[in-house]
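This is what each chain is made of:
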Amino acid sequence: MTKKQSAPAAINTIYDHQAIEKKWQTVWEDQELFQHSLKQYQQVEAAKKLYLLFAFAYPSGAGLHVGHVESKTALDILARYYRMQGQQVFFPVGWDAFGLPAENYAIKTGVPPAKTTKKAIDTFRRQIKRLAISYDWQTELATCHPGYYQWTQWLFLELYKKGLAYQAKAPVNWCPSCQTVLANEQVVEGACERCDSEVSQKEMKQWFFKITDYQDELLSGLDQVDWPEPTKQQQRHWIGKKQGIEISYSVVDTQEEIVCFTTRPDTNFGATFVVLAPEHQLVSQIIKGQVNLPESVKATAVIQQLRAYVKQAQKKTELERQTEGRKKSGVFTGLYALNPLTNKKMPIWVSDFVLAGFGTGAVVGVPGHDQRDFEFVEFVNRSHPQQQIEVIRVVVGSDGDDSPITQIEQVQEDHGTMINSEFLNGLDIHQAIPKIMDYMEEHGLGKRVTIYKLRDWLISRQRYWGTPIPIVYDPDGKPHPVKKEHLPWLLPTDVDFKPTGESPLRSSKEFIQRTEKLYGKGWRPEFDTMDTFVDSSWYYLRYTDPRNQQEFANPQRLKSWLPVDFYMIGPEHIVLHLLYSRFFTKFLRDQGYLDFDEPFLKMRHQGMILGPDGKKMSKSKGNVINPDKVVAEFGADTLRVYEMFMGPLDADKPWDASSVRGVYRFLRRVYELVIGHLNRADQTSKPLSNGQVVQQLHQTIKKVTDDVPKLKFNTAIAAMMEFVNTWEAQVKDGSPALDLTAVQNFVQLLAPFAPFLAEELWHQIKAAKTAKSVHLTDWPSYDATLAQQNQVTIGVQVNGKLRGELTIDLEEKDHQKQVIAQAKDLSSVQKWLKDRQLVKEIYVPGKIVSLVVK
RNA sequence: GCCGCGGUGGCGGAACUGGUAGACGCGUAGGUCUCAAAAACCUAUGAGGUUUAUCCUCAUGUGAGUUCGAUUCUCACCCGCGGCACCA
């Protein structure tokens, strides 16, 4: 390009993204462009407030990942778009800063987690600012800061006061490598989620949160929120509400009774045995000799066998259970339960396929209609021929097979008609279920119950880098809450990180001295810390008032901003984080601190960005894309627009380096077009012409305006590209250019996506030092009539196949007869109509003409 | 096994409520510029056919169905991904 002599100031005709982005990052930071939401809380109008939340990141030493860039950019586009639409946007930022990686690093190197975490946060902060994510940095918080975890501890104590934080001895998943207890959800295929070591079982006294108090509301509340349906399904499944019946069976020749839970009492005429979990109370009572066994039972032998089996079952690791799969084992107790329906004696076995934690830990066996029961009977009949268990068919399925059940393929569980079941015969199983339940309740044999799969939340962790549990024990070992004036109950720093199998906090002299000084001699602190999910399940409340030292957040501020209007979160947090956050919200509401039921009104997930090879990015595969490098080469705007252009936000998409260049080309063309426009002499204030570009501009404004709220950023960008193509072609053609307003509108459209470039162009256009930021301007509106095409091209089909097309003026759109006549006149259509009989004519206005011939 | 999501050119992906499949971008080929390369720009680009055209045939995982018309709706199946998993 040649330099224009007439240009008043030197306008750089080359898109220098480095200079532009550096300049505006500094200017914005100096102006504190988006740093006012905390002060504004009193002016927030309910109808206009918009709380946009990004699931805060764990600041890992590796720095920002391109996946972070995707979701942060998406949310930032929403923030900028809605601000330009006049909404009051709350867009906070913080760090999920407690956690294992920093601690593991400390074990390896001795560098304290506080130090590495601070460094990692600094890196993240620098990278995020470089990407122009328009967070309100005054909200910034970190869960490892005493000013934050003081209130995590406060929350614990509130739960403790209400009896919702309690201690219990429980078998827990123990990772021998991390030397800590793991929550069920941190055990993946029998191995530790973090280090992959085999997980074993261990009995320990632990702290729990009683989330089960809210199970019904956690379920029903899902109907109020706008979340992806699959996510809701997963939560429902996790809570696992089931209707069934608890049936009591008396144990023959003893005083004992066994209660079994079942959802399928309809098959009870086919029940032929009972199985207890190894942890069942009756089993331990027998072992301890607390049960008067009938004389027929060889007590010593049975007790010995049971003891051995129970011991072996307890020792089994999750992994062993997995690899054994469905292979059955078990021990006969010598006892029998009476089936009240058939008066048959059912042998009572102990087997580890029955889970102690579900239902009553005892199951009534119907081998004909439950695969597990059938497998168990196969095991018994094979290994204990003298203890044969009968298989009775009580349901006939749709295949009509009513022969004796001898193969597992014949065992069917969920449909059919009752047989061999007296008063249930002939009924469909779905009718039989309520009928037998009524019968059992009337005869005192059982009681309808609802059970849940959801367990209370085990929050104790034998780790260092977490929030200390604010509990102290008196010399008798009785727990007491840490007094309010002693919060924050500081995490000690004089600890040995090396794992010993005990909580690292035990090694802190200061911690013990502090406790004794404040509470008395012989007093000890709780040495465990909290699961980091506790920290991360209430942070969205603290954001509104992150420096408050008197309360976890000011009620007025909470009222102004909450609940969260839009939550962007990775699919990996679907179950736990969301469930826990909802639990805290409901608890705090019940304590009068909050006035809403659900914390996250609308939620969406971002997909994963894969390596160029289509596989998940990982260091070992060497397919990791570093966002810093992309920014250095092409600029943050290109990185942002590229990631938004890759495809639908919630899909997994592979990285493509050449497509990045394609986006860069697009932004450069925009820059050159706008600058070229300004450099041309005739640019001033021509009236808006009715040319094709102007029409397309209005269509583009409409498209972008519609697509952004739907998160369809890829198609919004495609529309802007199309507009630029047309505009450029017109300029090359020498056709009349756009007027300045149109150019401005386009720059505004681009602003949420490429904030640096848009700002630069905006100021070039305005050419005044005092011009305000493009990001503070009003979103452009479009003229609906102008956006409309004045002509439409419609297809003409003969027998369903496209044979021609027809362009008509929009006003003629509804003149059915004329349009069909014109369609028939087309020569390309004529030859298909010739010598054939026209049987049907269809016209869908503005869409298609369809002719049917014979 | 159960629950959920998905399958469209060489690639990422478009397609409103059933109405012209392949927008936009990448890649590729040819060209322009250049001593040359890169970059940039221009043209073409689903596959196949022939009479090279305002042409025809095929084509949205497979097979059927509904319809004037199906990527879109229904049924059956195949494949891939994610989650749960001996939950009674």
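For the structure, see preceding data.
What comes next is a walk through the structure. This is a predicted model, so every value here is computed, not measured.

With that settled, consider the sheet that holds strand E26 (residues 603–605). By way of backbone hydrogen bonds, the strands of a sheet pair with one another, either parallel or antiparallel. Judged by pairing direction, the sheet is parallel, and its 4 strands sit side by side in the order E2-E1-E25-E26 without closing on themselves. In this open sheet, the two strands that pair with only one neighbour each are strand E2 (88–90) and E26. On average, each strand axis in the sheet is inclined to that of its neighbour by 20°, with strand direction left out of account. When strand E1 (residues 49–54) meets E2, the two strands line up parallel, connected through 3 bridges. When the sheet's bridge partners are listed, Leu-50 is paired in E2 with Val-89. The sheet contacts of helix H2 (residues 66–84) involve E1, E2 and strand E25 (566–569), and relative to E1 the element is tilted by about 170°.

With respect to the helices and strands, the residue Gln-462 is situated in the loop between strand E20 (460–461) and strand E21 (471–473). For Gln-462, a relative accessible area of 3% translates into the label buried. At 2.9 Å, the side chain of Gln-462 and the side chain of Asp-528 are in polar contact. Beyond its immediate sequence surroundings of up to four residues, Gln-462 is in contact with Trp-174, Gln-179, Thr-180, Val-181, Met-204, Gln-206, Ser-503, Pro-504 and Asp-528.

This part covers the protein's contact with RNA strand B. In the neighbourhood of RNA strand B, 56 residues make up the surrounding shell, with Lys-242, Thr-263, Arg-372, Thr-793 and Ser-850 lying closest. Here the atoms of RNA strand B within 4 Å of the protein split so that 68% fall in sugar or phosphate, with bases taking the remainder. Asp-656 is positioned such that a nitrogen or oxygen atom in its side chain is 3.3 Å from a sugar or linking oxygen of RNA strand B. Interatomic distance of 3.1 Å between a side-chain N/O atom of Arg-803 and a phosphate oxygen of RNA strand B. Looking at the surface near RNA strand B, its residues break down into 19 nonpolar, 15 polar and 22 charged.

Quick look at the environment of Pro-546 now. Summarising the element assignment, Pro-546 is placed in the loop between helix H15 (539–542) and helix H16 (555–561). Between the C-alpha atom of Pro-546 and that of Gly-94, which follows or precedes it by 452 residues, the distance is 9.9 Å. In this view, Pro-546 contacts Leu-38, Gln-138, Thr-139 and Leu-141; residues no more than four positions away in its chain are not counted.

Turning next to the environment of Lys-847. As for its position among the elements, Lys-847 is in the loop between strand E31 (838–844) and strand E32 (848–853). When the C-alpha positions of Lys-847 and Val-199 are compared, they lie 63 Å apart, and in sequence the two are 648 residues distant. If near-sequence neighbours (up to four positions away) are discounted, Lys-847 is found in contact with Ile-794 and Gly-795.

Glancing now at the packing of aromatic side chains. Applying the stated criterion across every chain yields a total of 56 aromatic pairs. Measuring from centroid to centroid gives 5.6 Å for Phe-533 and Tyr-580, while their planes differ by 75°, and the two rings are edge-to-face. Here the residue Phe-533 occupies a position in helix H14 (residues 532–535), and Tyr-580 occupies one in helix H17 (residues 576–590), the gap between them amounting to 47 residues. Neither Phe-533 nor Tyr-580 differs from the other in exposure class; each is buried. Aromatic ring contacts, followed pair by pair, group Phe-156, Tyr-160, Trp-207, Phe-209, Tyr-214, Trp-457, Phe-533, Tyr-580, Phe-583 and Phe-584 into a single cluster. Note that Lys-129 overlies the ring of Trp-137, its terminal NZ or CZ placed 5.0 Å from the centroid. The ring of Phe-353 has Lys-328 lying over it, and the distance from NZ or CZ to the ring centre is 5.3 Å.

Rules of the game
Residues numbered from 1 in each chain as written. Chains lettered and ligands numbered in written order. Predicted model: local features only at pLDDT ≥ 70, side-chain atom pairs only at ≥ 80, totals over all residues. Heavy atoms only, no water. Pairing = 2+ DSSP bridges. Helix = DSSP H or I, 4+ residues; strand = E, 2+ residues; numbered from the N terminus. Axes fitted to C-alpha atoms, helices over the stretch in contact; angles between N-to-C directions. Contact = heavy atoms within 4.5 Å. Buried < 20%, exposed > 50% of the residue type's maximum accessible area, 1.4 Å probe, protein only. Polar contact = N/O pair within 3.5 Å; in protein donor to acceptor, adjacent residues only side chain to side chain. Near = heavy atom within 4 Å. Nonpolar A, V, L, I, M, F, W, Y, C, P; charged D, E, K, R; others polar. Phe/Tyr/Trp six-rings, centres within 6.5 Å; stacked < 30°, edge-to-face > 60°. Lys NZ or Arg CZ within 6 Å of the ring centre and 35° of its normal.

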